[in-house]
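Here are the chains, one letter per residue:
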Amino acid sequence: MESSVLVASHLSALFPNPQPIAVYSTQKDILNIPRRNDPGHPPEHASFSSLFHSPLTGTILLRVTSGGFVLELLSLSNDIPPLRFDFPAPILPSPSIVIWEPEELHVLLATRFGSLYRIVIPIIEGTPLWAPLSNRRWYREYVLQAGWVDGLVQVQGTHCVLITLPGGSLLRLEADALGDDTHDDVWRETRSDARSFLHSIASLLPALHSAPPGGSDIISISTHPQPTDIGNVWTVSRDRHLRMWTARGGCVAEYALPSTAPGRSVAARHPSPSPVNPSVLLPPDPQKLLCVFTPSHSDDPHVLAFVPTEGSLTSGGFFQLFECNGDLLKSLTTFSASETSVHCHLQDFAVLDDMLYTLWDKQGQSMVEVRGLAWNASEEGTTGDWSSATYAQEAELTPAYLDELLLSSGSTTDKFFEAIMRPGIFSPITLQTAVNQYTDACRSLPPPHPPQLLVTYATVAEQIASVVGCTVQRTKDPKTGAPLDENYWNALKRDWEGFIARCREIERNGRWPLAIGRGNPEDGVLIVERERVASLAGEDLPLRLHRQLATSKTVDPQFALLEVLWTMRTRLGPRLLLTVEARLSEFVQQETAFLYADVIRDQAQRVSFREQIDEGLDSWLAGRLQGIGKIQEAARFVLDIIGGFDKEVKREEEDTELLSRPISPDWLRALTASYASTSVHARYDIALALVTLLFFVADDLHSWEESVLAEILVVYRGIALLRYVARQPAGDNATATAQGQPGAPGAEEDVVAKLRNMHVSTSRGAKFQPTYSLLHRLANLYSHSSGLPISAHRFLDATGLLQSLSPAHVTKLEVLFSERIRLLGYREVAREVLAWLPRTPGVTYVLARLWLDEGRYDDAASALEILAGSFGSHSALSPDDQEALAVVLPGEKLFPAQFDFYLHVADLYKAVLSTYHDVTFTQLALSVAPPGVDTATLWHGVIKGLTDLGQYEDAYTAMVSAPYERLKRECVSQLLYRMCEENAVDRLMALNFAGLADEVEDALAFKARNADPRARPFYSRILYTWYISRGDYRSAALTMYQRARKLAALSGDPAAYTELAELQLEAYAVAMNSLALVDPKNQWIALPITVETGHEPRKRRRLSKHVPESKYAPGKRDAEVADLKDMQYEYALLAARVELFRRDPTLLSAGESALPPPSIVLRLAQSNRFNTAMATARSLDVDMSDLFAYLTNRCLRLSRNPDAVMSVPLFYQPPHRRPAQASSSLRRSEDTSDWLLTDKISSWPGTPAEKGWRYLRQSLERHDGPRTDYRYTKVTLETIMAFDRTSPPPPWLIHTLEEHHPEYLIRTCLRFEVLEAALDHTLGMMRRSDARLTDELAKTAAAGWLPYTLVDQVLVAAESQPDLSPRGRGLLGDLRAEIASRMKRVQKFSQAAA
């Protein structure tokens, strides 16, 4: 029989672990049984498993986990999440799956507490087999009348279940009615006893019955596989009795199985007494000892019983075959198990196609043995021997192997971590459980704990790398203080070895075999372990030779060289082999121009290869090689073994076959990857031995053909790459982005499945990604063939890594292989693979794409720019290089010219947002653009890219160089706005923009009109700078004036008023300065009247409007004209308001931000800001009468009490202008003399009153005069007279009025009844008039005019005053005398003139 091998994949790496569906019981008195918590047995390890297959459902794996509490269903034919049920009591062995018609899938099971459950799964064509999150009633419960049971369960169909009871009894449950979503099943219970009535009487007599207690207990039960109409049941009890049961007759036949293999057949007919009782009972644990089947040559059921002989030194037991005909059990033949089954335990066996498949537990590992069945004793010699199959030899992480790992360079942690993360070594469950146990053990130590133990990690790999060894601390010598590095490394090594030992223990428990069976016939025989599913596959030639060489078995003479190579490999030792391996890797990865023979000889001399071989081995090798003869031909034969595949693998499949084949599930592809990995490791060991031979015969290699050496090295390169990739895990390497790429496995299948089934709810969460191995991920990208080893060989052949003929060349399949690794997102692996390949154009392109993925944009740009020479009519690529390069390009074809390649590279950089290189390659494309090609888009991309990079001068150069005028006008605004946003205004102004000035102004003006003037960039300022730099001062003034108005429109918020006002003042000042540079005759600007300016919230000074004749013409609008004075007015008004609100911010909150100019001046004065108030009033042309009245009042108060701080109204107004509500205005105490503390006034001599009067006098001299008709002086006088008419006004004030307004002075004195002052001022006026009379008589006729009416009023008022003082009376007489004298002189002047 053809030799076979076992290949397995971990379930936890392929299937998610969803939340189980809770199952409840109607029983009220169920005990709360604690779950088993065995450190060596994680809950995910199964205690029972079975396989079920039907064309409707495919293959389903049933597992019982969590110590018997959880039932799990996994579909091995469809990629759907597992279905899990959590039961309240342990599940009895053995639950089964049956089909109820073609509509439903039923799972029948019983629990220890006497509940029989039926799980119903509807089968709907075109939909997934089940949906774990569906809201439905999954199960139905029936409570057994027999109460709690602890036996075996055998499901005989949807309507019949059998349960073994103590004493060998059998409980049959038959369903009278099946339930539905609202009702449970109705069952009928029938109990059958294994003994007849006579046996029952005999059992009461001790002399006649001496069977040991418990001997009748059933430990194995079996029925014919479904579908069938055979209702019989067969059981085996501990006393080795085989019984056949029927539904009506109970136990109808009984046969005592011998404890050792008998020499002849025995027939038992019912009723037949049992032979002598066996001396030793079988173990009470349930076992698989029976298999019922119907052979292909007969219609009668056959029963194959197994009797274990654990103490035997020849086999693990023997089988006895029975034929059932009615109530008759007829023994046909007996045969023993193989010699390799000694000290092994039979876990399961099955008869498939008349072949017996047995599953043995061989020291915790699975071993499958197969042989044909003989139907009678005469055919025993024709069935052949047992064929044994185990797993291929793999490196176990023993302490010795770990020491070998440390022989090569590198850190201890990295080597051990890489070893445990190799695919297939440990399952994800093993690693997770081990690191959790390790963490708990470290936390149990006294604190403080290392911080690594207190952090939550995203992945198990990250947790292992961080946690393991974190408790090991570097110590110092207490005497010298030197660090004890050797102790530290030894402790770290022991810590890692302890963790790996923990992993090995858990993994060994997870590899315990459970069941053997067959699902889909194309998938072959399957072996189920606690945490793995394995397949029995044919052993290819490299695996077979590797197994024979590793076990020192004799190989065929044609493989004599292999035997020599293997002997040399085992005798050299690990250190020398590692040295040779490192030298080979370094040499093969380098491109060399020397002969391979010279290079190999140089490497052999460097490592002193021949010197490290003992003389005996050297002589033996030389003799054996001489005996082989033609070494080169033998080497080529070994190369064919390493790189060859079966002939049937080489045939190409038709496209129709590939399309018709269903998509293989993940676990089948994982088995393909596992088989490929096993075969690759075997081939690598052979290849390494062959290359080591070259080191041994290095001095004779000049006689070898160069093509043979090249082929040996290139095959070693390919198998080394496959070995490296096969050792890479897949769980934590691929990024989320890579998983979503079109080339990622499962992406297209997911989309098709969603569109086909419309299961939108399944896409809400993240899809589970299998984490078996990188080889598994790669196998998903290649077409899958059914069956092993065909699918694995086709995958290995499709990689192309074993098809090259020289290390200096790279095939298209090798380039495609590295590209697919890159697309999957395994950058480190792709980088290592590319390092082994020479830099051909295809490899260079993939390497550049890899650098792009890693962010090494400059390195990728250099490689891609060099690669551009491979395209176009001047390309010098060979056909092979062209083919290899085309396979990784878009569309799998070469670009016709460099122009297209540059555009492709630019798109690549655009996808990774590398603008600089995108622009660079776009410019290169423009430099080689064919004539007639529209390059407007490319020019636009260059301009935009350079703008985004901040290379504005280059962007400007590209813009003006573009041959498209429309493009220039479109891009100028983008360039302007970007430069403004990046505060590159100086660089902007340095550009000429020849021919584009109008577009620049329009773009900036648009932003200045519409952008928020408060936000950067300030486009109005930028536009102002643009106009100033070009001498357009009027437009500059207009821009800033419009900015001021926009700021004014935004000043509604009191909190931001001051800030906006400062900006507005700045804009007014700049506008005024600009407009002042214009010719005085043209110092005006025109603004269009808009809705904003026409309906302003504040009252603005009315400006002139220019109304042209074509006012009503289409497209014409009114224009508002503002001159320099208008700007100055608005500036002064705003400045005054700012000064006022800065002094008293409460005015803003009171809503008085739009006070009229007079109120502003008065409030400034009331706040003692007299200089500002006067300057503002002067600028705004506001009457300052109230201001001077207030100032005079302050001076009068200072004169009366210079040191007093008095309470004055905050909003003071003269009595004749004070509104009625002013009496209720807020009053506060403030220092009235703070306005005297300025630098100028404080430097004056005198008292505060004298300083105040001096300040008043200078203010009147500055702001009062003929232009104002001295009205402020008059107001000052009136204020003084109103305050205290008895106090004389200041002489300078009287002097001013006497000189310019004597009549007003006299009338004021009369109004305030100060008659002496009125007489005095009248007398003085007449005397001054008399003095001018003589001088001015000849010049003017009115020189002698006097207000005689006013003089008469003074005389009348004085004469009518009874209590006039003596001085007053004297002045009155003097006045009369002066009047009389004047009249005489006037008469004389009149006569003289006549």
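Residues numbered from 1 in each chain as written. Predicted model: local features only at pLDDT ≥ 70, side-chain atom pairs only at ≥ 80, totals over all residues. Heavy atoms only, no water.

**Q** Tell me about the pattern of salt bridges, and name the residues and values.
**A** Here the structure, examined in full by the defined rule, presents 62 salt bridges. Between aspartate 176 and arginine 188 there is a salt bridge, with the nearest N and O atoms lying 2.5 Å from each other. Of this pair, aspartate 176 sits in strand β13 (residues 170–177) while arginine 188 sits in strand β14 (residues 186–192), placing them twelve residues apart in sequence. A residue is classified by how much of its surface remains accessible, and arginine 188, at 37% relative accessible area, is partly exposed. Residues joined in a network through salt bridges with shared partners are Lys944, Asp948, Arg978 and Glu982. (Salt bridge = Lys/Arg side-chain N within 4 Å of Asp/Glu carboxyl O. Helix = DSSP H or I, 4+ residues; strand = E, 2+ residues; numbered from the N terminus. Buried < 20%, exposed > 50% of the residue type's maximum accessible area, 1.4 Å probe, protein only.)

**Q** Quick rundown of the sheet that holds strand β4 (residues 58–65)? Include the residues and the values.
**A** Pairing within the open sheet is mixed, and its five strands lie in the order β2-β6-β5-β4-β3. Two strands in the sheet have a free side with no partner beyond their single neighbour: β2 (21–22) and β3 (48–54). Strand direction decides the pairing type here: β2 and strand β6 (residues 83–86), joined by two bridges, are parallel. Each bridged residue has a counterpart across the sheet, and for alanine 22 the counterpart in β6 is aspartate 86. (Pairing = 2+ DSSP bridges.)

**Q** I'd love a proper account of unusual backbone geometry, names of residues and values included.
**A** At the junction of proline 93 and serine 94, the peptide bond is cis and its omega measures out at 15° in the coordinates. Turning to its location among the elements, serine 94 is positioned in the loop between β6 and β7 (96–100). Cis geometry is found at the peptide bond from proline 447 to proline 448, where omega equals 5°. Position of proline 448 relative to the elements: it lies in the loop between α4 (428–443) and α5 (460–467). Its identity is not glycine, yet aspartate 353 carries a phi of approximately 55°, on the positive side. Looking at the element boundaries, aspartate 353 is found in the loop between β24 (345–352) and β25 (355–362). With a relative accessible area of 60%, aspartate 353 lands in the exposed category.

**Q** How would you explain the sheet that holds strand β30 (residues 532–538) if you had to name every residue and give the values?
**A** Read across the sheet, four strands follow the order β1-β30-β29-β28 without closing on themselves; strand pairing throughout is antiparallel. Lying at the two open borders of the sheet, with one neighbouring strand each, are β1 (4–10) and β28 (513–518). Averaged over all pairs of adjacent strands, the angle between strand axes in this sheet comes to 25°, irrespective of strand direction. Its contacts with the sheet place helix α15 (residues 666–696) against β1, β29 (525–529) and β30, and it is angled at close to 125° to β1. (Axes fitted to C-alpha atoms, helices over the stretch in contact; angles between N-to-C directions. Contact = heavy atoms within 4.5 Å.)

**Q** I'd like a description of helix α16 (residues 706–726), backed by residues and values.
**A** The terminal C-alpha atoms of α16, which comprises 21 residues, lie 30 Å apart, in line with the 30 Å expected from a rise of 1.5 Å per residue. Summarising burial for α16: 18 of the 21 residues are buried, a large majority. (Expected span 1.5 Å × (residues − 1).)

**Q** An account of the environment of isoleucine 97 is requested, with residue identities and associated values reported.
**A** Mapped onto the elements of the fold, isoleucine 97 is located in strand β7. Considering only alpha carbons, one finds isoleucine 97 and histidine 53, 44 residues apart in sequence, at a separation of 9.3 Å. Each residue touching isoleucine 97, except ones within four places of it in the same chain, is listed here: Phe52, Ile60, Leu62, Leu73, Leu105, His106 and Val107.

**Q** Please give an account of the nonpolar core that cites residues and values.
**A** Phe609, Leu693, Trp704, Tyr716 and Phe993 are the most contacted members of the largest nonpolar core, which totals 275 residues. Per element, the largest residue contribution to this core is 20 residues, and it comes from α15. With residues near it in sequence (within four places) discarded, phenylalanine 993 still touches Tyr956, Met959, Val972, Leu975, Leu976, Leu988, Val1000 and Trp1026. Counting 40 residues, the second-largest nonpolar core is a separate cluster that includes Leu242, Tyr255, Val292 and Cys344. (Core = buried A, V, L, I, M, F, W, Y, C linked by side-chain atoms within 4.5 Å.)

**Q** Got a sec to walk through the pairing of β4? Specific residues and values, please.
**A** The buried count for β4 comes to eight of eight residues, which makes it a mostly enclosed element. In the sheet, β3 pairs with β4 via seven bridges, with the strands oriented antiparallel. Bridge pairing in β4 places serine 50 opposite leucine 62. Two successive antiparallel strands, β3 and β4, enclose a turn made up of three residues. Relative to strand β5 (residues 70–75), β4 runs antiparallel, the two sharing six bridges. Paired with threonine 65 across the two strands is valine 70, which belongs to β5.

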